[in-house]
Amino acid sequence: MEVGQMQRRLIEYTKSLFMEGILDDQFLQLQQLQDESNPDFVVEVVSLFFQDAEKLLNDITRALDLQSVDFPKVDAHVHQLKGSSASVGAQRVKNGCIAFRNFCEEQNVDGSLRCLQQIKQEYYHVKNKLEALFRLEQQIVAAGGSVPMMELSF
């Protein structure tokens, strides 16, 4: 595939992530912080998010598996996950965390478990989508092209 075609494909793919509500404007702001002096900035920040999110999801799972759930502890983990997901623009994960925190406040185990499953599903969905986006960017660079910048409005 030629570079121009790959660049157009990347733009359309990225737009679809916003249209489907997977990402929000925070991701575009993150991209704008990337420049020639730090060309892997977005990949590095998102990779840190992936590491942090997986640890937090495991911590939340373990905490909810206990006989006596420590809801303030679960809520603290969910709050941290909400902040991490918001910082990279993972909108659906962030929104799931907002709902999850309500269940923590109510000390609702069943609601919390349902929310955890939904957040895990959304997390793995956004992770797969972003990994595909990064692979496409790498293909463009490997073919001698440059990654097109997204506009803030489309």
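Because the structure is a prediction, the values reported are computed rather than measured. (Residues numbered from 1 in each chain as written. Predicted model: local features only at pLDDT ≥ 70, side-chain atom pairs only at ≥ 80, totals over all residues. Heavy atoms only, no water.)

**Digging into the overall build of the protein chain**
Part 1: Within the protein chain, the secondary structure is distributed over six helices and zero strands.
Part 2: Reading the protein chain from its N end, one meets helices and strands in the order α-α-α-α-α-α.
Part 3: Projected onto the principal axes, the alpha-carbon positions of the protein chain cover approximately 55 × 30 × 25 Å.
Part 4: Sequence-distant contacts, at least 24 apart, represent 68% of the contacts inside the protein chain between residues at least 6 apart.
Part 5: Looking at the protein chain, you have 15 positive and 22 negative side-chain charges, and the mean spots of the two groups are 5 Å apart. (Helix = DSSP H or I, 4+ residues; strand = E, 2+ residues; numbered from the N terminus. Contact = heavy atoms within 4.5 Å. Lys, Arg positive; Asp, Glu negative; His and termini not counted. Charge placed at Lys NZ, Arg CZ, Asp CG, Glu CD.)

**Quick word on the confidence of the model for the protein chain**
Close reading of the predicted structure is inappropriate where its pLDDT is low.
Part 1: Model confidence for the protein chain is summarised by a mean pLDDT of 95, while 97% of its residues fall at 70 or above.
Part 2: In the model of the protein chain, helix 2 (residues 25–32) stands out as the element of lowest mean pLDDT, 94, in contrast to helix 4 (residues 71–88), which has the highest, 98. (pLDDT = per-residue confidence, 0-100.)

**Overview of the packing of helix 5 (residues 91–106) against helix 6 (residues 109–142)**
Part 1: Closest axis-to-axis distance for the helix 5/helix 6 pair is 9 Å, and the angle between their directions is 170°. Taken together, the axis directions place helix 5 and helix 6 in an arrangement best described as roughly antiparallel. Residues Arg92, Val93, Gly96, Cys97, Ala99, Phe100, Phe103 and Cys104 of helix 5 lie in contact with helix 6, whose contacting residues are Gly111, Ser112, Arg114, Cys115, Leu116, Ile119, Glu122, Tyr123, His125 and Val126.
Part 2: Residues that form the contact of helix 5 with helix 6 fall into these classes: eleven nonpolar, four polar and three charged. (Axes fitted to C-alpha atoms, helices over the stretch in contact; angles between N-to-C directions. Parallel < 35°, antiparallel > 145°, perpendicular 65-115°, else oblique. Nonpolar A, V, L, I, M, F, W, Y, C, P; charged D, E, K, R; others polar.)

**Digging into the side chain of histidine 77**
Part 1: Looking at where histidine 77 falls in the secondary structure, it is placed in helix 4.
Part 2: You can call histidine 77 buried: its relative accessible area is 15%.
Part 3: Aside from chain neighbours lying at most four places away, what touches histidine 77 is Leu56, Asp59 and Ile60. (Buried < 20%, exposed > 50% of the residue type's maximum accessible area, 1.4 Å probe, protein only.)

**Let's talk about the pattern of salt bridges**
Part 1: Tallying each qualifying case throughout the model produces seven salt bridges.
Part 2: Between lysine 55 and aspartate 59 there is a salt bridge; the shortest N-O distance is 2.7 Å. Here lysine 55 pairs with aspartate 59, and both are found in helix 3 (residues 41–65), just four residues apart, close to one helical turn.
Part 3: Through salt bridges with shared partners, one network takes in Lys55, Asp59 and Arg62. (Salt bridge = Lys/Arg side-chain N within 4 Å of Asp/Glu carboxyl O.)

**Re the packing of aromatic side chains**
Part 1: Considering all chains together, one arrives at four aromatic pairs under this definition.
Part 2: Taken together, a centroid distance of 5.9 Å and an interplanar angle of 50° make the contact between phenylalanine 49 and phenylalanine 50 tilted. Accessibility assignment for this pair places phenylalanine 49 and phenylalanine 50 in one class, buried.
Part 3: Each ring, one from tyrosine 123 and one from tyrosine 124, has its centre 4.9 Å from the other, and the planes form 70°; the classification is edge-to-face.
Part 4: Over the ring of phenylalanine 50 we find lysine 127, and its NZ or CZ is 5.5 Å from the ring centre. (Phe/Tyr/Trp six-rings, centres within 6.5 Å; stacked < 30°, edge-to-face > 60°. Lys NZ or Arg CZ within 6 Å of the ring centre and 35° of its normal.)

**Overview of the UniProt feature "modified residue: Phosphohistidine" (unreviewed entry) in the protein chain**
Part 1: Within the UniProt annotation, "modified residue: Phosphohistidine" (unreviewed entry) is assigned to His79.
Part 2: Looking at where histidine 79 falls in the secondary structure, it is placed in helix 4. (UniProt positions renumbered as here; feature names shortened; annotations may be inferred.)

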